[in-house]
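Residue-level structure breakdown
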Amino acid sequence: MLESLLGVIAIVALFIIISKQQSRLGLLERELGALRSLVLSGAAPAPVAKPAEVRPVEVRPAEVRPAEVAAETVSEVPEAPAAAEQPTAAAAPETIPETAPAEELPVAANVEADAAASGPWAAARAAPAQAAARAAPDIETTLGTRWAVWVGGLALAFGAVFLIKVSIESGIFGPGLRLSMAALLGLVLVGGGEFIRRTGYRVPIQNGSNAYIPAILTAAGAFTLFGTIYAAHGIYGFIGAGPAFVLLGIVGVATIAAALAHGQALAGLGLLGSMVTPVLVASTAPSYWALFGYLAIVLLATSAVARIRRWSLLMGAAFIGTGLWTLLYLADAPLASFAVVLFISAVTLGALAFVWLGRDEEPSALDWPSMVPAFFVAVTAVVLFIHPTYASLGGPLRGTILLVGMLAVALYRPQALSLLFAAGIAAVLIYLRNALGGTFDLDLPIGALTVEGLPIEVAGSSLTPIGWLLGLVFAAAGLWNARREVVAAPWRAASWAGWGVAVPLAVLFSLWLAYGNPDRDLLRALLAVAMVAAFVAGGEWIARSEQPPLAGGHAVSFALGGAGVALLLALHMGFGSGWTTALLGAAAALPALATRQRSYPVLGWLSVAAAVAVLARIAFDPTIVGADVLGTTPVFNWILPGYGIPAAAFGFAAWQLARTTNGRPRLVMEAVAALFALLTLAMLVRHAMNGGVITSDVPTLAEQAIYTLIALGGGAMLVALDMRSPSPVLRYGSLGIGVVSVLSIVGQHFLVLNPLFTNENTGTIVFFNLLFLAYLLPAAAAAGLALYARNKRPHWYSAMLALVAALLVFAYATLSVRRLFQGEHIGMWAGLGQVETYSYSALWLVMGVGLLVAGVTLKSQVLRIASAALISIAVAKVFLFDMSELEGVLRALSFIGLGGVLIGIGLFYQRLLTRAAR
C-alpha cells in the first residue's frame, strides 16, 4: 500500500516538474527575444545592479532577473561560482526556438514575457505587476517548486529503506551486498546534491528557499547512511560498537558541516543523528570518556557552524542535547565521574564563550541560546551539592567550580547574562535548602518552636567554607562589574549588584540557621555588620562612576538594599527580642539622615522597609519580649520602648525626608509614625487595665479596639499617599478601609463586644480604662480621619466617619456615667438608679448642645443633624422614661433642664437667622 502511494506521488510530482520546466523554457525564450530586440535596436542595456542594491520596482534586464531574485529570496543558498553569475544570454544560441503558448505559463511568467516583448518602457510599467505576482505565487508554483521537492526527498529516503527490505524478503542479495548498495545510494544522493549545488543551482521564485533541492538530496543521503550503519551494527552485527559509533559520529558531524552549504535544516538533521547515535549503539562496557569526548566534538562542530551562519536555533538545540546527556549520566550511572562531568561542563561553557559568542555583535544584546547551558550547568551544580552520594564524595567543591565558571563566562561575555542569574539562583537554592536541614529548636517569646527540616547529607565543615567562598566571589564580581557597566548598561549593572548582595546574604542566613545559634550568635552578627559596611562602600563606589555621578540608580539601590537586609540580620543575631525591635525601629532614621549627604531615591524606601520589618515583628509578638518577661508594671515596661522608640524614629525620619528627598517615603513614614503613636498609647492602656496581659485567645473589646485603630490609621496613610501621587488603588483602598472600619465599630464596639451586653471588666483606673481604649481613642481617630479627608474624599465618606466619631463619643460618655455608678462591671441587668437615670438626660442635653456649637463652628451639617438627633432622644427620654421612673425633685429638675436647653437652642438659632438676614 505504501509503495503504491509513493509511486502515485512520484508520478504526479514528475508531471508537475516537467510542466514547470516547459513554462520556464517558454519564459526564457521570451526574455532572449526581448534581449535580441534591444541589441538589434542599438539600445544600451541598463547597468546590472548588485544583489544588495536590488529593489522590487527597479528596471532590470530580463536576463539577470533569476540570479537577482535568488539573492533576495534564498538566504541559506551559498553563492554560485563566478561562471554561474554571467548573464544567461552569453551562452544562448542565435536562433530562437518556438515559444510555448502564453496561456500555459504561470501568471508571473505572462506578465514578464509581455513586458519584455514590448521594450524597456513597457517593462518599467509592468514592474509593479510583476512584484505583485511574485508576492502571491499560484498553486502551480507551489506544487512544482516545493511539494514536489519535499515528496521527492521523502521518497528517496524511503526508497533506500525499501531497497533493503525488498532484498531481504526476496533473498536475492546477501546482507553485505544489500548494505553496500544502501551505502552507495546514500553516497550517490549526497554527491548528487553537491553536484547540483556546484553547477550554479538557483531558486528564482518567491519563498523557494525551503525547497532547495541540493539540501533535500543531501538530507536523504545522510538519512540513508545513518540507517545503513545502524543496520550493519544493530541488525547484522557486521561491525562492532566502536566502529559503528565512530562511523555514525562521522556521518553526523559531516552532515552538520555540510549545512554550511545547504542550510540549517540539514544541520538539524545531522545534530539529531549525532545526539541519537549513543542510544543506537549499545555496548556492554561503555566508555563514558569516549561518549562525552564524542559529544564535545559534536558540540564544538555545531557551535562553529552555528557561529558562521548565525543559527541560534541550531546552537540552542546542541546545548539541549549535551545538557540532557549530562543529566542522564548523573542520574543513571552507578557512580558518575566528577572529571567527566567537569569536562563536558567546561566544554559547554567554552563553546559558549569562545565559539558561539565569539562574534562581533552588540554586547548589550542578550543571547537567548546561552540560557540553555545556563540552566543545565546550574542544575548539574545543584545535583553535585545536594545528592547524598555525590555530596559525601566532594561534590560541593566540584559544584562550586561550575558556579564560579559560569560567573567567569558571564563576566567575559556580557551577552551571557543568563549565566549570572542561573548561578545566583542555584547558589541561593542550595543554601536555603541547607537552612532547612536537620531539626532545630527556637526559643521564642510565645514558647519553644521545633522545626523538622530535611535530612542533612553534607557536614557543615564543608558547606561553611564553600559558602563564604561563594559569597565573596559573588560580592566581588557583582560590585566590580556593576561599577564597570553602570554607565553603558545600567540594567546589567543592576543585575550584577543584585546577585552580588543576594548570594552572600543567603549564605549567611543559611549558615546561621543550620549551624549557629538562632537566639544569639555574636560571631555571625559581626560578619553581618562587616557585610553592611562592605555593601554601603560598594554602593558608594558604584555611585561615583555613574553619569551624572551620585545619581543613585538601580545598581546603587540593590547594594544599599543589601546593606539594609544585612543590618536586619545583624540585629536579630546579636540582640534579644526587645532590643531588636527597638533598635530596628531606630535604624529607620539612619537612611533618612543619610539623605542629608546623598539624594539617592532608595534611602527613603529603606526607612519604609525598616518600618515594615518592625510591623512584622510586632505582629509576630505584640508583647515585644514575651508575656513572662513583660511584667505587670503600668507604662514603664517593654511596651514603652518597643512601640515608643519606633514611633519616635519614624516621626523623625518623616521630618527629615520632608526636608530632603520628600516624595512617597515621607508620606508613608508620617502615616506609620501616627499609627505607632496610637498603638503605643493603646497597648499601654491595655497592659495597664488587664494586669499586664495583652494577648488572649478569646476576642475582647480591647483587642478589637487595637484593630480598629490600625484600620483607621491605614486609611489615613492611603489618603496621604493618594494626595501625593494619585492612584485609583490608593483612592478606592482608603474608601474601602474606611467603610470596613465603620462596619467593625458598629458591629463589634456597639453590639457584639459592648460591655453593656457582655458585662466585661472595664478596668480599675478611672480614666485610662477599657472605655477609653475602645471608644474615646477610636472616636478621636475617626474624627481626625474625617477632618483630614474633608475635600479630599467624597462628602459621604467624611460625613460617615464624623457620624461614627460622634456616636463613639456618645457611647463613651454614656458608658462612663454608668461605670461611675455601677463600677467596673456595667452590664445592663444591674438596673438603673434614679440619679443615674437623671444623669443620662443631663449628659445627653449637654452633648447635644456641644455638637450644635461644633457643627456651627466647623460649618458641618452632619454635626448639627447629630445634635438635633441627640436632643430629640433626650426629649423622648424625659417625656417617656423620666416622667414614670423619676420622682420628686429629680423629675422636676429633668423637665426644667430640658425646657431651659430647648429655649436656649431656640434663641441661638433665632440670633443666627437674624445675622444671616442682615
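If you're wondering where the values come from, they're calculated on a predicted model, not measured in any experiment. (Residues numbered from 1 in each chain as written. Predicted model: local features only at pLDDT ≥ 70, side-chain atom pairs only at ≥ 80, totals over all residues. Heavy atoms only, no water.)

To continue, consider the overall build of the protein chain. Summing up its helical and strand segments, the protein chain has 34 helices and two strands in all. Relative to its 918 residues, the protein chain shows a buried fraction of 46%. The contacts of the protein chain with a sequence gap of at least 6 include a subset with a gap of at least 24, amounting to 72%. Summing over all exposed atoms, the protein chain offers an accessible surface of approximately 42900 Å²; the carbon and sulfur share of this is 70%. (Helix = DSSP H or I, 4+ residues; strand = E, 2+ residues; numbered from the N terminus. Buried < 20%, exposed > 50% of the residue type's maximum accessible area, 1.4 Å probe, protein only. Contact = heavy atoms within 4.5 Å. Areas by Shrake-Rupley, 256 points an atom, 1.4 Å probe, with all protein chains shown as cover.)

Right, let's get into a nonpolar patch on the surface. A surface patch of nonpolar side chains, about 620 Å² in accessible area, is lined by Val746, Leu751, Val752, Phe757, Met828 and Trp829. Considering each element in turn, the nonpolar patch owes the most residues, three residues, to helix H28 (residues 728–752). Turning to its location among the elements, Val752 is positioned in helix H28. (Patch = residues over 30% accessible without salt bridge, like charges linked within 9 Å, V, L, I, M, F, W, Y side chains within 5 Å. Salt bridge = Lys/Arg side-chain N within 4 Å of Asp/Glu carboxyl O.)

Time to look at empty space enclosed by the protein. Here the structure, examined in full by the defined rule, presents three cavities of 30 Å³ or more. What the second largest cavity holds in volume is close to 70 Å³. As for the second largest cavity, its lining consists of Phe319, Thr322, Gly323, Thr326, Ile344, Ser345, Thr348, Pro373, Phe376, Val377 and Thr380. Sorting the residues of the lining of the second largest cavity by element identifies helix H11 (312–332), helix H12 (338–356) and helix H13 (371–386) as the ones contributing at least two each. Across the lining of the second largest cavity, the residue classes tally to five nonpolar, six polar and no charged. (1 Å grid on protein atoms, 1.4 Å probe; cavity = no way out; pocket = protein on both sides within 12 Å on 5 of 7 lines; lining within 4 Å. Points joined across faces, edges and corners; volume = space filled by probe spheres on them. Nonpolar A, V, L, I, M, F, W, Y, C, P; charged D, E, K, R; others polar.)

Here the focus is the packing of H12 against helix H15 (residues 395–412). Contact geometry of H12 with H15 gives a least axis separation of 10 Å together with a crossing angle of 5 degrees. Considered as vectors, H12 and H15 are oriented roughly parallel to each other. Residues Phe338, Leu342, Ser345, Leu349, Leu352, Ala353 and Phe354 of H12 form the contact with H15, whose own contacting residues are Gly395, Arg398, Leu402, Gly405, Met406, Val409 and Tyr412. The class makeup of the residues in the contact of H12 with H15 is 10 nonpolar, three polar and one charged. (Axes fitted to C-alpha atoms, helices over the stretch in contact; angles between N-to-C directions. Parallel < 35°, antiparallel > 145°, perpendicular 65-115°, else oblique.)

Glancing now at helix H32 (residues 834–858). With 25 residues, H32 extends 36 Å from end C-alpha to end C-alpha; this agrees with the ideal 36 Å at 1.5 Å per step. Where H32 ends, the next residue or the one after it, Lys859, has phi of about 55 degrees, a positive value. (Expected span 1.5 Å × (residues − 1).)

Counted by the stated rule, this structure contains seven salt bridges. With a closest N to O distance of 2.6 Å, Glu540 and Arg598 form a salt bridge. One end of the pair, Glu540, is in helix H19 (residues 522–543); the other, Arg598, is in the loop between helix H22 (589–594) and helix H23 (601–620), and 58 residues separate them in sequence. Given a relative accessible area of 19%, Glu540 falls into the buried group. Ionic pairing is found between Arg793 and Asp722, a salt bridge with its closest N-O pair at 3.0 Å. Taken together, the positions of Arg793 in the loop between helix H30 (770–788) and helix H31 (795–822) and Asp722 in helix H27 (residues 701–724) put the pair 71 residues apart, joining distant regions of the chain. Taking the relative accessible area as the measure of exposure, Arg793 reaches 6% and is therefore buried. Through salt bridges with shared partners, a single ionic network connects Arg484, Glu485 and Arg492.

Turning next to the side chain of Thr708. Mapped onto the secondary structure, Thr708 falls in helix H27. Owing to a relative accessible area of 2%, Thr708 belongs among the buried residues under this scheme. What Thr708 contacts, discounting residues up to four positions off in sequence, is Ser744, Ile745, His749 and Pro778.

With that out of the way, let us pick up the environment of Leu568. By the secondary structure assignment, Leu568 is in helix H20 (residues 554–574). Residue Leu568 is classed as partly exposed on the basis of its relative accessible area of 27%. A C-alpha to C-alpha distance of 9.1 Å links Leu568 and Ala587, two positions 19 residues apart in sequence. Not counting the four nearest positions on each side in its chain, Leu568 is found in contact with Leu584 and Ala613.

Take the confidence of the model for the protein chain next. Here the protein chain averages 75 in pLDDT, while 64% of its residues score no lower than 70. Of the regions scoring below 50 in pLDDT, residues 43–150 engages in 139 contacts with residues more than four places distant in sequence or in other chains. Every residue in residues 202–211 scores below 50 in pLDDT, and together they form 31 contacts with partners more than four places removed in sequence or on other chains. (pLDDT = per-residue confidence, 0-100.)

Enumeration over the complete set of coordinates arrives at 18 aromatic pairs. With a centroid separation of 6.2 Å and 65 degrees between ring planes, the pair formed by Phe509 and Trp512 is classed as edge-to-face. With Phe509 and Trp512 both in helix H18 (residues 490–515), this residue pair falls three residues apart, about one helical turn. Residue Trp512 is classed as buried on the basis of its relative accessible area of 7%. Grouped by ring-pair contacts, the aromatic residues Tyr288, Phe292 and Tyr329 constitute a single cluster. Here the guanidinium or amino end of Lys792 rests over the ring plane of Tyr788, the centre of that ring lying 4.6 Å away. (Phe/Tyr/Trp six-rings, centres within 6.5 Å; stacked < 30°, edge-to-face > 60°. Lys NZ or Arg CZ within 6 Å of the ring centre and 35° of its normal.)

What follows deals with the nonpolar core. Among the nonpolar cores identified, the biggest contains 85 residues, and Leu403, Met406 and Leu419 are the most heavily contacted of them. The contact partners of Leu403, leaving out residues within four places of it in the chain, are Ala381, Phe385, Ala423, Ala426, Ala427 and Leu470. Of all hydrophobic cores here, the second largest spans 71 residues; its members include Ile639, Ala705, Leu801 and Ala805. (Core = buried A, V, L, I, M, F, W, Y, C linked by side-chain atoms within 4.5 Å.)

Now for the packing of H13 against helix H16 (residues 417–435). Relative orientation of the contacting elements H13 and H16 amounts to 20 degrees, with a least axis distance of 9 Å. Regarding the angle of H13 to H16, the classification is roughly parallel. By crossing handedness, the relation of H13 to H16 is classed as right-handed. Residues Met371, Pro373, Ala374, Ala378, Ala381, Val382, Phe385 and Ile386 of H13 form the contact with H16, whose participating residues are Ser418, Leu419, Ala422, Ala426, Ile430 and Arg433. When the residues that make up the contact of H13 with H16 are grouped by side-chain class, the tally is 12 nonpolar, one polar and one charged. (Left-handed = near helix turned anticlockwise from the far one by under 90°.)

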